[in-house]
Amino acid sequence: MSEWRIPLTDLNYGREEEEAVLRVLRSGWISMGPEVLAFEQEVAEFQGVKHVFAVANGTVGLHLALLALRIDRGDEIIQPALNFVAAANMTVAIGARPVFADIISLDEPTIDPTHVEQLITARTKAIIVMHYGGYLCHMRHLLEICRKHKLHLIEDACHAIGAAYDETTMAGSIGDIGAFSFFSNKNLATGEGGMVVTGRYDLAERVRLLRSHGMSTLTWDRYKGYANTYDVLVQGYNYRLDEIHAALGREQLRKLSPGNHRRAELTRLYRKLLSNLPGWNIPFANRNTSSAFHLMSVVAPHATARDNAVESLRQQKIQTSLHYPCITGFSGFSGYKQSLVPKSQAFAARVITLPLHPKMYDSAVEQVASALLRVANSSS
Ligand SMILES: *Cc1c(COP(=O)(O)O)cnc(C)c1O
C-alpha cells in the first residue's frame, strides 16, 4: 500500500513481538488468561496505579469509564471539541450529552479550564480531558474545578501513555479513571487493544464486571479450578482483550520508555529546524517534559497555507495527517452545538501532523522540515 517515502508513523516491532505471539499460540490458551493478567500487572507497576483492566480497544475503555461512574441519561459531559470522536460517541451511546469546550490556544491545544468552568450547569456530571499529542492538559486547574463543582474527571489518555504528571502520577491516573488505546498508530501498539486504569476500588469493581458480561467469574478462573459456576451481577459487555494482543502489549511496554525518549529527541530536532517558519505556530514548543511526544503538529498561518503545505508534502511522498477535524462540525453532532469553539475550529483548519515515530532517522526529520520550509517560504 505505502508509496510514502516518509510515512506518518511506523510500528516499533521486531523479533520480540514475533516470539511473543508464537509463545501464546504454542501455549494452547488464546482468550483472556495469564498473558492478559501479566500485561495488566506490568502496566499497573509502570503506571503506579492500583487497578488496571485490559480491554478490546480505547473506545470501549472510555465506555466502561462512563459506565463505571454511573453517568446517566441527560447528564452533561464537558469535553474537548478537538478530539478523536470516540469519547463523544460513547457519551451519546450512554444517553448523556456532550458539551464541547474550546482549546486554550493554537500553541496549547488542550481543553481550556476557563471555558470548562463557564460551561458547567446543574446537569454537568463529568469532564473528559484529552492530552493532545501526548502533552498533559492543565491538570492542576482542571482538578481544582472538579473538586469545587463535585465533578468526575475522566482522562482520554490515548495519546499520552508514559507521560509523567509528577513523581508518582502518570497520565491516565491523574483523574478518577483513564483510558488508553493500543491501536497501531499509538505509542504502545497491539493493533486493537486498550486499558482502563483507576485508583478507585469502587470504579474498578464496576469495570471488572462490565468488561465481561457482568459475570462474577472468568472462563480462565473456571479452567484453573478457581470457580465452578458464576452469577451475573449487572448487565455487562464483552470488552475483553485476548492473549495474543496482551503478549504484543507486554513487548511493546518494554519498548515504551526508550521509544518515547526517541520521540522527544526527534521532536526537539523538528522544533529547532522549524523555529523560524514565518507566521506558523509550533504547539507546545517549550514543553520538554510531561509528554509522551505522540504527535508532532505545526499550525499554518491560515487554512490555504495548510492545504498547500499538505499537498506539497504529499507530492514529495511525505505522509501527513489531521488531528482532528472539530467534532462540532460533524453532521452526526449538529444537534449538540451548544457552545462556540472558535479556537478549535481555527486549529483544525490550520494544523498539520508531521511524521513522528521512534524508528525515524534524524535525516527524515531534516527532509520533512526542509520540504515544509520551502513551501511555507514560497507561499507566504
Ligand atoms: C485512538 C484514540 C481513541 C480510540 O481508541 P481505539 O483503540 O481506536 O478505540 C480515542 N481517543 C483518542 C484521543 C485516540 O487517539
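Residues numbered from 1 in each chain as written. Predicted model: local features only at pLDDT ≥ 70, side-chain atom pairs only at ≥ 80, totals over all residues. Heavy atoms only, no water.

### Some details on the pattern of salt bridges
Which entries qualify depends on this criterion: By definition here, a salt bridge exists when the distance from a side-chain nitrogen of Lys or Arg to a carboxyl oxygen of Asp or Glu is within 4 Å. The numbering of helices and of strands both runs from the N terminus, where a helix is a DSSP run of H or I of at least 4 residues and a strand a run of E of at least 2. Relative accessibility decides the category of a residue: with a 1.4 Å probe and only protein chains considered, values under 20% of the type maximum give buried, values over 50% give exposed, and everything between is partly exposed.
Counted by the stated rule, this structure contains 20 salt bridges. Across the salt bridge formed by Glu19 and Arg15, the nearest N and O atoms sit 3.5 Å from each other. With Glu19 and Arg15 both in helix 1 (residues 15–27) and four residues apart, the pair spans about one turn of that helix. Of the residues examined, Arg15 reaches a relative accessible area of 57% and is grouped as exposed. Residues Arg211 and Glu40 are paired through a salt bridge, measuring 2.8 Å at the closest nitrogen-oxygen approach. In this pair, Arg211 is assigned in helix 7 (residues 201–211) and Glu40 in helix 2 (residues 34–47), connecting sequence segments 171 residues apart.

### Looking at the site of the ligand
Condition: Nearness of a residue to a molecule or strand requires only that one of the residue's heavy atoms be within 4 Å of it. Distance and chemistry together define a polar contact, namely a pair of N or O atoms within 3.5 Å, with one atom able to donate a hydrogen and the other to accept it when in protein, and with adjacent residues in sequence counting only for side-chain atoms on both sides. Only the protein chains shown count as cover for residues, and the accessible areas themselves come from Shrake-Rupley with a 1.4 Å probe.
Taken together, 15 residues form the shell around the ligand, and within it Gly58, Thr59, Asp156, Ser181 and Lys186 come nearest. Gly58 places a polar main-chain atom, nitrogen or oxygen, 2.8 Å from an oxygen atom of the ligand. Contact with the protein chains covers 92% of the free accessible surface of the ligand, which is 380 Å².

### Here we look at the packing of helix 3 (residues 58–68) against helix 4 (residues 86–93)
The description of two packed helices rests on the angle between their axes and on the distance between the axes. Our working definition: Each axis is a line fitted through C-alpha atoms, and for a helix only the stretch in contact is used; angles between axes span 0 to 180 degrees, taken between their N-to-C directions. In what follows, roughly perpendicular refers to angles from 65 to 115 degrees, roughly parallel to angles under 35, roughly antiparallel to angles over 145, and oblique to any angle outside these ranges. Handedness of a helix crossing follows the sense of rotation of the near helix relative to the far helix, less than a right angle counterclockwise being left-handed and clockwise being right-handed. Contacts between residues were defined by any pair of non-hydrogen atoms, one from each residue, lying within 4.5 Å. Residues are grouped as follows: nonpolar covers Ala, Val, Leu, Ile, Met, Phe, Trp, Tyr, Cys and Pro; charged covers Asp, Glu, Lys and Arg; every other residue, Gly included, is treated as polar.
Running from amino to carboxyl end, helix 3 crosses helix 4 at an angle of 45 degrees, the nearest separation of the two axes being 9 Å. Of the possible angle classes, the one that applies to helix 3 and helix 4 is oblique. For the pair helix 3 and helix 4, the crossing hand works out as right-handed. Where helix 3 abuts helix 4, its residues Thr59, Leu62, His63 and Leu66 lie against Ala86, Ala87, Met90 and Thr91. When the residues that make up the contact of helix 3 with helix 4 are grouped by side-chain class, the tally is five nonpolar, three polar and no charged.

### Examining a nonpolar patch on the surface
Basically, it comes down to this: Here, patches come from residues exposed beyond 30% relative accessible area and free of salt bridges, joined within 9 Å for like charges and within 5 Å for nonpolar side chains (Val, Leu, Ile, Met, Phe, Trp, Tyr).
A cluster of nonpolar side chains, Leu22, Leu25 and Ile30, forms an exposed patch at the surface whose accessible area comes to about 260 Å². Structurally, the position occupied by Leu25 is in helix 1. The exposure class of Leu25 is partly exposed, given its relative accessible area of 48%.

### Brief notes about the domain arrangement of the protein
Reports often express the size of an interface as the amount of accessible area lost when the parts come together. Quick reminder of the rule: Throughout the structure description, domain borders are defined by an automatic or database domain assignment. Accessible area that two parts lose when put together, evaluated with a 1.4 Å probe and summed over both, is termed the buried area.
Looking at the protein, the domain boundaries give domain 1 (15–252) and domain 2 (256–379). If you average the C-alpha positions of domain 1 and of domain 2, the two centres end up 26 Å apart. With 44 residues of domain 1 at the contact, the number on the domain 2 side is 39 residues. Both sides of the domain 1 and domain 2 interface together cover about 3500 Å² of buried area, and 60% of this is carbon and sulfur. Three residues, Leu106, Tyr135 and Asn187, lead the burial of domain 1 against domain 2; their summed loss comes to 23% of the area buried on that side. The salt bridge partner of Arg287 is Glu108, with a shortest N-O separation of 2.6 Å. The tally of links from domain 1 across to domain 2 stands at 24 residue pairs in polar contact (both at pLDDT 80 or more). Sort the elements by how many residues they give to the side of domain 1 that touches domain 2 and strand 3 (residues 97–101) lands first, with five residues.

### So, the environment of Asp362
You can see Asp362 is positioned in helix 12 (residues 362–379). Excluding residues that lie within four positions of it along the chain, Asp362 makes contacts with Arg262, Leu266 and Leu269.

### Regarding the sheet that holds strand 1 (residues 51–55)
Our working definition: Strands are labelled as partners when DSSP assigns at least two bridges between them.
Read from one edge of the open sheet, seven strands run 1-7-6-5-4-2-3, paired in mixed fashion. Pairing within the sheet leaves two strands with one partner each, and these edge strands are strand 1 and strand 3. Here the strands of the sheet are splayed against their neighbours by 20 degrees on average, with no regard to which way each runs. Sheet topology places strand 1 next to strand 7 (residues 194–198); five bridges connect them, and they run antiparallel. Across the sheet, residue Val55 finds its bridge partner in strand 7, namely Gly194.

### A closer look at unusual backbone geometry
At the junction of His323 and Tyr324, the peptide bond is cis and its omega measures out at 5 degrees in the coordinates. The phi torsion at Lys317 lies on the positive side, around 60 degrees, for a residue other than glycine. On the secondary structure map, Lys317 appears in the loop between helix 10 (303–315) and helix 11 (342–350).

### Overview of the packing of aromatic side chains
Put simply, the rule reads: What counts as a ring pair is set by centres within 6.5 Å for rings of Phe, Tyr and Trp (its six-membered ring), and what kind of pair is set by the plane angle: stacked under 30 degrees, edge-to-face over 60, tilted for all other angles.
A full pass over the atoms with the stated rule returns ten aromatic pairs. Pairing Tyr132 with Phe347 gives two aromatic rings, centres 5.5 Å apart and planes at 85 degrees, and the pair type is edge-to-face. Taken together, the residues Tyr132 in the loop between strand 4 (124–130) and helix 6 (139–149) and Phe347 in helix 11 connect sequence positions 215 residues apart. According to the relative accessible area criterion, Phe347 is buried, its value standing at 0%. Cluster of aromatic residues (ring-pair linked, three or more members): Trp29, Trp220 and Tyr223.

### What about the environment of Ala171?
With respect to the helices and strands, the residue Ala171 is situated in the loop between strand 5 (152–156) and strand 6 (177–181). C-alpha separation for the pair Ala171 and Pro283, spaced 112 residues apart in sequence, amounts to 19 Å.

### A short note on the environment of Ala122
By the secondary structure assignment, Ala122 is in the loop between helix 5 (113–119) and strand 4. Residue classification places Ala122 among the exposed positions, given a relative accessible area of 81%. Along the chain, Ala122 and Phe293 lie 171 residues apart, while their C-alpha atoms are 36 Å from each other.

### Thoughts on the nonpolar core
We apply this condition: For this analysis, a nonpolar core means a set of buried residues of the types Ala, Val, Leu, Ile, Met, Phe, Trp, Tyr and Cys, connected via side-chain atoms within 4.5 Å.
Counting 28 residues, the largest nonpolar core has Leu64, Ile71, Ile154 and Ile177 as the members making the most contacts within it. Counting only elements with at least two residues in this core, the list comes to strand 1, helix 3, helix 4, strand 4, strand 6 and helix 7. In terms of residues, this core owes the most to one element, helix 3, which gives seven residues. Filtering out sequence-adjacent residues up to four positions away, Ile177 remains in contact with Ala65, Ala68, Leu69, Leu153, Ile154, Glu155, Gly172, Val196, Val197, Thr198, Leu203 and Val207. Within the second largest apolar cluster, 27 residues are counted, among which are Ile6, Leu266, Leu354 and Ala376.

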